[in-house]
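Letter by letter, the chains look like this.
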Amino acid sequence: MLNLSVLTDPGFCPHSLNKYASIMACGNGYMGIRATHEEDYTRQTRGMYLAGLYHRAGRNETNELVNLPDVIGFDIELDGKNFSLLSGEILSWQRELAFANGELRRSVVWRSPEGKDYRLESRRFVALDPLPLVAMQLAITPLDASAQVGLKTGIDATQTNSGRQHLDEMSVRVFDQHYMQGIYETQDHASDVVISAFCRLSTESDSCFTAKNRRVQVHHALTVSRGETVTLEKLVWVAHRSDRALSVETFARHALAELKACATSGYASLLARSACAWEKVWRDCRVEVASTEHQDQMALDYAVWHLTAMTPSHDERCSIAAKGLTGEGYKGHVFWDTEIFLLPFHLFNRPQTARSLLRYRWLNLPGARAKARRNGWPGALFPWESAASGEEETPEFAAINIRTGVRQKVASALAEHHIVADIAWAVVAYWQATQDDAFMRNEGVTLLMETASFWMGRATDVKGRLEIHDVIGPDEYTEHVNNNAYTNYLAWHNVASACRFMSMFNREDVRFTEKATDFLTRLWLPEANADGVIPQDDTFMAKPAIDLSRYKAQAGKQTILLDYSRAEVNEMQILKQADVVMLNYLLPERFTSQQCAANLAFYESRTIHDSSLSKTIHGIVTARCGDTEGAYAFWRDGVAIDLGDDPHSSDDGIHAAATGAIWSGVVQGFAGVQIVDGELHLAPKLPAHWQKLIFPLRWRNANMRFTVENEALTVETSAPVTLTLWGKNLSVTGAQAFAYKNFMTSVTGTATTEGSHDA
Ligand code: BGC
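Residues numbered from 1 in each chain as written. Predicted model: local features only at pLDDT ≥ 70, side-chain atom pairs only at ≥ 80, totals over all residues. Heavy atoms only, no water.

Another aspect to go through is the pattern of salt bridges. Two side chains with opposite charge may pair up if their charged atoms get near one another. If you walk through the whole model with that rule in mind, you get 48 salt bridges. Here Asp-156 ties to Arg-215 by a salt bridge, and the two come within 3.3 Å at their closest N and O atoms. Taken together, the residues span a long stretch of sequence, with Asp-156 in strand S13 (residues 147-156) and Arg-215 in strand S18 (residues 215-224) at a distance of 59 residues. For Asp-156, a relative accessible area of 18% translates into the label buried. Where Asp-518 meets Arg-522, a salt bridge forms, and the shortest distance between an N and an O atom there is 2.9 Å. Pair noted here: Asp-518 and Arg-522 are both in helix H12 (residues 510-522), with a separation of four residues, about one helical turn. What makes Asp-518 partly exposed here is its relative accessible area of 33%. Taken together, the salt bridges that share partners define one network made up of Glu-38, Glu-39, Arg-106 and Arg-124. (Salt bridge = Lys/Arg side-chain N within 4 Å of Asp/Glu carboxyl O. Helix = DSSP H or I, 4+ residues; strand = E, 2+ residues; numbered from the N terminus. Buried < 20%, exposed > 50% of the residue type's maximum accessible area, 1.4 Å probe, protein only.)

Now the structure itself:
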């Protein structure tokens, strides 16, 4: 059995309820449930979300991930008083999320204000198999006298997204004294959600059902003797559909039948079934590290947990929200985060899921084409933020200035066009890692052609040179600039890749090729200066730089905007997040390590890292430049974004991209995994805190496992592979070990191997 980490909530604290509700959230890619307590607290935000279920609540609103009726809440009455940890005394406390089987557990011994002691234990999981199932148990034990216990729970459709109600209650029913069912419809009539709940008490009680004010509930009242435990088991089946193939009654009947089948199994055996599915995840994807810092393994398990819980592998019609399925931040919209920060994990572990994420973009091509056309450009302009339909979902306005009543326009939808090339980059990376010709033939080449056409139309001829004007690069503190280096290089890569794959898959088109050749010859690619620094855009180098240390110390909080307006920030050398460094990371073959080091040195002091997408990228490029300790410091800062001490940074959900970057920082940073000119490269070097690193990697038809220890690397592979290790090209079969020192001293192209043996 793998020794998996357990994520703990150190103690009940009303200020950090939402942080732990996000980071300890349970999910399975189909749905996510925030780790809220069973009892209510005013500031606690409950949340249950289904991947791909978006709805627009009304005028001036945007489509958002619908917060579904709550099933986690319980009213617990002990001897006539509401149980709340805000009163009385907590005598013992344990709350943990066990990554091994996916169970969230809490055990509290509580002394009521009247001086009576009770033990309350709750556990729950969102099943990885079957996906629509949530299971819970709540156990209560009076410790020093018998107690009157009242329990109320059910399906609570008063839940909203911060007051915005998305669902109409169509019907609520009770069946067979144990089952409740609520049928809801989004207010645009496009989707149905059927929530069915089963409750079973371990002993006889007075019970009744009520349905009132959008709540259907079961009430239990009973006397529990001292030392006896009463347990309520609750199973919930959450079904959703946006097609109307069946009548809603039939759909609801099926859902109830599924739940009934689960009820015959019961909590323990349902947990065992789901744990089996988790075990496979851990066996296939876990990254193991022996570190002097206990948190490092925890961070890696945390990352794989959420990367699984947030990803709708089951449904290519949806993709990954910027906060996964753990909260309402960014309205559950999908950004470039998916292709650039999340897809690499899937690419190298679950290529089928990477394919499904790319299929989401392919299915949404009509919306991207329409956006391009609306703006007068050819090809496909993918939305900066998208939901289910592929339409642009970026809110037109951001926060309001409450003194003037003026709302600040969001420029990203208008100019953050690099997402087009990011998607193309991901298509190429997918093919390189899988050689999935069928995908390339059916979807990939079309995606590349459409995105390339966009760039060819988007470029402007300036005295014979092609330039890309009025864009926002990844650094969102610098808006409406010309020739953002990241955008231009990625656009070039996009068009070059389109030509290459069109020819490879017999999709040549003479006019396209002529235009593309001209584009590739004439597109301006900002050049490095004598020190190797690439200017971020045409005007960046002429702007003044200021000392950012005060703001860097508060990275992530955007405190610069308290001292300067956005317009002022735009006129200074201030980066929110990695931009040229991001480019160095994505196209390693284009830059020497001296150039990467020069860009890091120049841009690091100018980057506040106010975006969670920034530090780990600096870390990966730092590692690739050979500064492993510097890279480790960045990586730890990246881990702290969700797992650090800040009680509020994750209130509205975890940072999905930063979670992907935890994995990437290790595999693409310390292990040096990169795709260079289509080939797999590795150059492992561990930070001083680490003694050992083990990770799996899928590459084409090979399942590999790498172990890095004592400056040596062992590769185990299920099929022969060719890879470049510390700069030397090798063919590997079975299991082979390679020592770092031999590579450094070897002068010929042939690497020396040490201790080779077959698996
Ligand atoms: C970042 C974007 C990112 C978005 C969603 C913003 O703060 O600047 O790069 O895509 O958050 O994570």
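For the rest of this paragraph, the subject is unusual backbone geometry. Of the consecutive residues Asp-129 and Pro-130, the connecting peptide bond is found in the cis state with omega at 0 degrees. Within the secondary structure layout, Pro-130 lies in the loop between strand S11 (117-126) and strand S12 (133-142). You will see that Asn-506, though not glycine, has its phi angle at about 50 degrees, which is positive. Locating Asn-506 in the fold gives a position in the loop between helix H11 (485-504) and H12. In the Ramachandran plot, His-609 falls in the positive-phi region, its phi being about 65 degrees despite a non-glycine side chain. Here His-609 shows up in the loop between helix H17 (593-604) and helix H18 (615-624). By relative accessible area, which is 4% here, His-609 ends up buried.

A word on the layout of surface pockets. Summary: where empty space remains is shown by rolling a probe the size of a single water molecule over the atoms. Approximately 670 Å³ is the volume found for the second largest pocket. What lines the second largest pocket is a set of 37 residues, among which Asp-40, Arg-46, Asp-156, Thr-158 and Gln-159 lie closest to the centre. Listed by contribution, the elements that provide at least two residues to the lining of the second largest pocket are strand S7 (74-78), S13, strand S17 (206-212) and S18. For the lining of the second largest pocket, a count of residues per class yields five nonpolar, 19 polar and 13 charged. (1 Å grid on protein atoms, 1.4 Å probe; cavity = no way out; pocket = protein on both sides within 12 Å on 5 of 7 lines; lining within 4 Å. Points joined across faces, edges and corners; volume = space filled by probe spheres on them. Nonpolar A, V, L, I, M, F, W, Y, C, P; charged D, E, K, R; others polar.)

Further remarks concern the UniProt feature "binding site: substrate" (unreviewed entry) in the protein. Feature annotation in UniProt assigns "binding site: substrate" (unreviewed entry) to the following positions: Trp-336, Asp-337, Lys-576 and Gln-577. Take Asp-337: it is sitting in helix H5 (residues 337-349). For Asp-337, a relative accessible area of 8% corresponds to the buried category. Residues contacting Asp-337, with those up to four places away along its chain left out, are Ala-322, Leu-342, Leu-613 and Ala-657. Position of Lys-576 among the secondary structure elements: in the loop between helix H15 (566-570) and helix H16 (580-586). Of the residues examined, Lys-576 reaches a relative accessible area of 7% and is grouped as buried. Setting aside residues up to four positions removed in sequence, Lys-576 forms contacts with Asp-475, Glu-476, Tyr-477, Gln-558, Thr-607, Ile-608, His-609, Asp-610, Ser-611 and Ser-614. (UniProt positions renumbered as here; feature names shortened; annotations may be inferred. Contact = heavy atoms within 4.5 Å.)

The next point concerns the UniProt feature "domain: Glycoside hydrolase family 65 N-terminal" (unreviewed entry) in the protein. Under the UniProt annotation, "domain: Glycoside hydrolase family 65 N-terminal" (unreviewed entry) lies at residues 10-239. End C-alpha to end C-alpha, residues 10-239 measures 34 Å, and it is 3% helix and 54% strand.

Take the site of the ligand next. Taken together, Tyr-330, Phe-335, Trp-336, Asp-337, Trp-384, Glu-476, Lys-576, Gln-577, Ser-611 and Leu-613 are the residues near the ligand. At 2.6 Å from an oxygen atom of the ligand is found a side-chain nitrogen or oxygen belonging to Asp-337. In the environment of the ligand, an oxygen atom lies 2.9 Å from a nitrogen or oxygen atom belonging to the side chain of Lys-576. Taking 310 Å² as the accessible area of the ligand by itself, protein coverage stands at 93%. When grouped by side-chain class, the residues that make up the shell around the ligand number five nonpolar, two polar and three charged. (Near = heavy atom within 4 Å. Polar contact = N/O pair within 3.5 Å; in protein donor to acceptor, adjacent residues only side chain to side chain. Areas by Shrake-Rupley, 256 points an atom, 1.4 Å probe, with all protein chains shown as cover.)

Another point: empty space enclosed by the protein. Applying the stated rule across the entire model yields four cavities of 30 Å³ or more. Looking at the largest cavity, its volume works out to about 60 Å³. What lines the largest cavity is simply Thr-36, His-37, Glu-38, Arg-95, Leu-104, Arg-105, Arg-106, Ser-122, Arg-123 and Arg-124. Residue composition of the lining of the largest cavity, grouped by class: one nonpolar, three polar and six charged. Lining the second largest cavity are Ala-25, Cys-26, Gly-27, Gly-32, His-306, Ala-309, Met-310, Gly-324, Leu-325, Thr-326 and Ile-654. Secondary structure elements with two or more residues in the lining of the second largest cavity: strand S2 (26-27) and helix H4 (294-309). Counted by class, the lining of the second largest cavity contains six nonpolar, five polar and no charged residues.

In this section: the sheet that holds S11. The strand order across the open sheet built from nine strands is S1-S9-S10-S11-S12-S19-S16-S15-S14, with neighbouring strands paired in antiparallel fashion. Here the strands that pair on one side only, and so sit at the sheet edges, are strand S1 (6-8) and strand S14 (167-175). Ignoring strand direction, the axes of neighbouring strands in this sheet form an average angle of 15 degrees. Direction of pairing for strand S9 (residues 89-98) relative to strand S10 (residues 103-111): antiparallel, over a ladder of nine bridges. Directly across from Ser-92, in S10, lies its bridge partner Val-109. Helix H2 (residues 248-265) rests against S12, S14, strand S15 (179-186), strand S16 (192-201) and strand S19 (230-241) of the sheet, and its axis sits at about 145 degrees to S19. (Pairing = 2+ DSSP bridges. Axes fitted to C-alpha atoms, helices over the stretch in contact; angles between N-to-C directions.)

Ring pairs (aromatic) are described by centroid distance and by the angle formed between their planes. Following the criterion strictly, the structure yields 36 aromatic pairs and no others. For the pair Trp-278 and Trp-305, a centre-to-centre distance of 4.4 Å together with 15 degrees between the ring planes defines the contact as stacked. Placement of Trp-278 in helix H3 (residues 267-285) and of Trp-305 in helix H4 is noted, with a sequence separation of 27 residues between them. Summarising the burial analysis for this pair, Trp-278 and Trp-305 share the class buried. (Phe/Tyr/Trp six-rings, centres within 6.5 Å; stacked < 30°, edge-to-face > 60°.)

On average, the protein scores 95 in pLDDT, and the residues at 70 or more come to 98%. Scored below 50 in pLDDT, residues 746-759 makes 28 contacts in the model with residues more than four places away or belonging to other chains. (pLDDT = per-residue confidence, 0-100.)

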